[in-house]
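Commentary on secondary and tertiary structure
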Amino acid sequence: MITPSKYENLNNSILVLGAIIIKLLKRKSYSLENLFRALTRSAKVHPDEDLFYDVITFLWLTGCIDYSYSDIKLVRTKPADDIISDSENANSIEFTDKDSNIDLEEKSPQNEDK
């Protein structure tokens, strides 16, 4: 389904049509029928309805779009810079007094004999 074969028209692949749908949804939200019409007008390709529903399902499963009350909207995510700064903050660990009592020395089998 996602992996193209050498005989497939790439303009009708799920990934290419998904990118076109994301570009359309950046402008405004659409109903399902209006999104199909806008896709056929802007892409200059004529995907069948089954392929269109496959693309919508793929985008929904990956969390790119949200479908509620017959409207399809693009899910806005954090910019990459915010994600990186959040992960850097998560890596900084503060130790409390009770953590300082932990003995971090490794006990080797030689030390246990003594």
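Described below are features of the structure shown in this document. (Residues numbered from 1 in each chain as written. Predicted model: local features only at pLDDT ≥ 70, side-chain atom pairs only at ≥ 80, totals over all residues. Heavy atoms only, no water.)

Here the focus is a nonpolar patch on the surface. On the surface, Trp60, Leu61 and Tyr67 cluster together into a nonpolar patch covering about 380 Å² of accessible area. With respect to the element layout, Tyr67 can be found in strand E2 (residues 65–68). (Patch = residues over 30% accessible without salt bridge, like charges linked within 9 Å, V, L, I, M, F, W, Y side chains within 5 Å. Areas by Shrake-Rupley, 256 points an atom, 1.4 Å probe, with all protein chains shown as cover. Salt bridge = Lys/Arg side-chain N within 4 Å of Asp/Glu carboxyl O. Helix = DSSP H or I, 4+ residues; strand = E, 2+ residues; numbered from the N terminus.)

Between the first and last C-alpha of helix H3 (residues 49–61) there are 18 Å, a value that for 13 residues agrees with the 18 Å anticipated at 1.5 Å per step. Listed as buried for H3 are Leu51, Phe52, Val55, Ile56 and Leu59. One side of H3 carries all its buried residues, which in axial view fall inside an arc of 140°. Within H3, the exposed residues directed more than 90 degrees away from the buried face are Asp50 and Leu61. (Expected span 1.5 Å × (residues − 1). Buried < 20%, exposed > 50% of the residue type's maximum accessible area, 1.4 Å probe, protein only. Arc of directions from axis to C-beta.)

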